[in-house]
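Observations on the three-dimensional arrangement
Next come the chains, spelled out residue by residue.
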Amino acid sequence: MLVESFSPQTRTNNKLQITTDFVVVGGGLAGVCAAIAAARNGSKVVLIQDRPVLGGNASSEVRVWALGATSHMGNNNRWSREGGIIDEIMLENLKVNKDGNPIIFDAVLLDKVAAEPNIQLLLNTAVYLVNKSAERKIGSVVAFCSQNSTEYTVSAPLFCDATGDGLVAFNAGASFRIGAESRDEFGEQLAPVQASDQLLGHTLFFYSKKLDHPVKYIAPKFAYTHQQISAIPRSKNIQGSDSGVKFWWVEYGGIHNTITQTEEIKWELWKIVYGIWDYIKNSGKFEDVENLTLEWIGTVPGKRESRRFNGEYMLKQQDIVEQTQFADAVSYGGWAIDIHPSEGIYSDKPACSQFHSKGVYQIPYRCFISKDIDNLFFAGRNISASHMAYGSSRVMITCAHGGQAVGTAAALCKQNSISPKSMLNPEYMHSLQQQLNMFGHGIPNVPLAQQTNLAKQARISASSELELKQLLPSGEYIPLTQGCAQLMPFNQGMAPVMKLKVKAQTETQLKVALRVSVKAENYTPEIDLKTIELNLVAGEQTITLDFSSVEIAAQYGFVTFYPNAAIELAISEQRVTGFMPVFNKMHKAVSNTGKQTMPVESGIESFEFWTPERRPKGQNLALQFEPAFKLHPLSHITNGYLRPWKQSNTWAASFNDKHPQVKFCWPEPVNINQITLFFDTDSDHALETVLMLHPESEMPYCVQNYRIKQADGTTLLEVVGNYQTVNKHTLAQAIQVDELVFEFDQPSDLVPASLFQIEIH
Ligand SMILES: Cc1cc2nc3c(=O)[nH]c(=O)nc-3n(C[C@H](O)[C@H](O)[C@H](O)COP(=O)(O)OP(=O)(O)OC[C@H]3O[C@@H](n4cnc5c(N)ncnc54)[C@H](O)[C@@H]3O)c2cc1C
């Protein structure tokens, strides 16, 4: 038993000193990915998170669905889901949590961090102080955990501020901005004429649940009344059946200080959301709400905007719209520039305005390093971006992807004993980009180019290579009530003749065009290479689309069928990498009305949206090709591209090769200790973390079972049940081989076995 007598002096709390290689403050998705990346690249990391679980706004405490460049699959960013660690996390979440339970997503993140021996995780621990070791250098951060009454002083040569509000950078004295830049400052045509201090606000959500009996609801006294709720201009958006992030428009605080007044903002939001729930339950205006009960209500407001710190470069509107190419590109984004009125829910303007670009844009390394503090990185919404560019870069999967770049850079800084700024040296930058891509990061226009890949020195052969004569018709048809296009890659040269079965209700005309993007890497149909008009008779018939006079570059093309409600097109259930049907349709959630029409002076481009359907829909058109198409050659598996980009970039076996093999033969024996395979996990498919139900727990294109065999037939490695993009195998000890055979099981009868890349080291 411990009995302590009175102390005339104040007592001090338990104190711990920790020294490490890299400190990440803030355990949102950006901080989590920064910590894991550094740890996997050999750095000792302390990850400090002030709340009980990880994930920040994506955690079960807030429940925003994590999104990025895929933009709910509602714009023209095809195959844009971010690669690397966040991809691994999202695929893991899909495997265990396809119905989007936020509690399970918490566990996925905790599991990933707990699996890293190099990470020391301090939960419930808030950093509140920074000690500098020099004018431009942080020496340590001081944090307190109220659960174990312990004060931590954590010292390291490198720090990352992933706190959202930028507490570390602020305390360290780094220069920053709050508000919106004027139009003139960076020539951003969408920006306000005058600089302003207005911001995006906070939001609180609630979840409801249907019971098998009526549930009464009595609101707390602080909740707003029905009259007050119905007076809010956006109250017309309220749906009794909606939950969570569907109420993203319950936004407040953008006209206040979103850091120091957060508690006041939260109280206002509580008054609103408890008031909304009371309005739903008791106003009599909503049907079928008797059995609904309030399951959860947020206590931590989701923050959108506060400080943005000055880096060595500031991302701006033009970089997003013009898709600027940067030599130091380490990440990318693709969410629209998404700006909200700062009065939030009390504004009578639309709750958000989203301005899309024609494709994804690069984010340079310089946005992630402090201009002022030599050993400080930023990750998350506080990176160096103008208010306009932040409107896009702030979404969580984009934040997470940048976080991986930061963590990897920190580890390389340690390995080379250099500062974050020195990483800008082209040699170091190349190794950072390559290291990122080895984890499947997928920086646009930056292929994997490992000189040490032994696969490139081998003679490679395969048991088969997909030759596409036809996507087999399933017998089903889709009505041509909206514009429909088969998106597919083309080889450089003359396009093939295509045939398709169609049904017409009456005699009618069908208009079909072969269209491409101006930039070969985009998926925005802008140029009509050839238009064909066909007279159809009533009934079923096979049409011929003769595009053989069209010379096309190696890029994606749209075989575009203009709407005609009297016509139906034959579809196929077969799925092949690089092939997908897209539709000229609206997607309200991302302000897509089928076409973005913007005045030239906005600096935003006008173009059509052609977007896919989510599975189980989204079947390809059952096209026949003459001559047969070879779009998935074996040469792709060493070309360095890890996702569809200008070409399919996969090798695919033929549909009837159930266990295809790829063989590597070296003229002289080689020593290998690491084999990495990059599979197709459908990077087009958005994997929202909450509310959205996903139709499957593994991606249908992904090879699940494979074996790697040596020349004598012995199995070196066998994998069963894979669902991840990147499969990295490090051998216990190096072996010498002159032949390796990779044998894959076809994922299903409808999908051929395929693979982007094999790296052998
Ligand atoms: C209502 C709403 C809707 C949104 N819609 C979307 C959407 O649909 N999809 C999307 O992806 N994004 C969306 N966003 C934007 C996105 O959620 C944020 O921009 C994003 O969370 C930023 O990520 P982050 O890692 O920088 O910050 P956060 O997710 O906020 O993570 C920062 C973490 O740092 C921790 N922290 C802060 N201070 C300290 C400290 N002193 N010590 C230790 N830890 C600290 C915090 O607790 C937090 O966990 C939305 C935001 C809101 C609020």
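Residues numbered from 1 in each chain as written. Predicted model: local features only at pLDDT ≥ 70, side-chain atom pairs only at ≥ 80, totals over all residues. Heavy atoms only, no water.

**With respect to the sheet that holds strand E7 (residues 150-155)**
Pairing is mixed in the open sheet, where four strands are placed in the order E1-E7-E6-E5. Edge positions in the sheet fall to strand E1 (14-19) and strand E5 (125-134), since each has one partner strand and no second. Ignoring strand direction, the axes of neighbouring strands in this sheet form an average angle of 20°. Pairing between strand E6 (residues 137-145) and E7: six bridges, direction antiparallel. Paired with Val 141 across the bridge in E7 is Val 154. (Pairing = 2+ DSSP bridges. Helix = DSSP H or I, 4+ residues; strand = E, 2+ residues; numbered from the N terminus. Axes fitted to C-alpha atoms, helices over the stretch in contact; angles between N-to-C directions.)

**A short note on the sheet that holds strand E32 (residues 580-583)**
As summarised here, the arrangement of the five strands in space is E27-E26-E30-E23-E32, forming an open sheet in which the pairing is antiparallel. The sheet is open, and its two borders are formed by strand E27 (527-536) and E32, each paired with just one other strand. Going from strand to strand, the sheet's axes swing by 25° on average, the running direction of each strand aside. Both strand E26 (residues 508-516) and strand E30 (residues 556-561) contribute to a ladder of five bridges, which runs antiparallel. When the sheet's bridge partners are listed, Val 512 is paired in E30 with Phe 561.

**Here we look at the site of the ligand**
In the vicinity of the ligand lie 33 residues, with Asp 50, Asn 57, Trp 65, Arg 394 and Met 396 positioned nearest. Within the backbone of Leu 67, a nitrogen or oxygen atom sits 2.9 Å from an oxygen atom of the ligand. In this structure, an oxygen atom belonging to the ligand sits 2.7 Å away from a main-chain N or O atom of Arg 394. In isolation the ligand exposes 990 Å². Once the protein is present, 93% of that is buried. Listing elements by their share of the shell around the ligand, those giving two or more residues are helix H1 (29-40), E5 and helix H10 (396-416). A per-element tally of the shell around the ligand places E5 first, with three residues. In terms of residue class, the shell around the ligand is made up of 16 nonpolar, eleven polar and six charged. (Near = heavy atom within 4 Å. Polar contact = N/O pair within 3.5 Å; in protein donor to acceptor, adjacent residues only side chain to side chain. Areas by Shrake-Rupley, 256 points an atom, 1.4 Å probe, with all protein chains shown as cover. Nonpolar A, V, L, I, M, F, W, Y, C, P; charged D, E, K, R; others polar.)

**A few points about the domain arrangement of the protein chain**
Segmentation of the protein chain into domains returns domain 1 (14-192 + 305-438), domain 2 (202-297), domain 3 (454-464 + 632-760) and domain 4 (468-627). Taking the mean C-alpha position of each, domain 3 and domain 4 sit 30 Å from one another. Taken together, the contact between domain 3 and domain 4 spans 26 residues of the former and 19 residues of the latter. Across the interface of domain 3 and domain 4, roughly 1,800 Å² is buried in total on both sides, 56% from carbon and sulfur atoms. Taken together, domain 3 and domain 4 are joined by three salt bridges. For the salt bridge of Arg 614 with Glu 688, the shortest nitrogen-to-oxygen distance reads 2.6 Å. Counting the contacts that link domain 3 with domain 4 gives nine residue pairs in polar contact (both at pLDDT 80 or more). Taken together, the residues of the side of domain 3 that touches domain 4 break down into 13 nonpolar, seven polar and six charged. (Domains from an automatic or database assignment. Contact = heavy atoms within 4.5 Å. Buried area = accessible area lost by both parts, 1.4 Å probe. Salt bridge = Lys/Arg side-chain N within 4 Å of Asp/Glu carboxyl O.)

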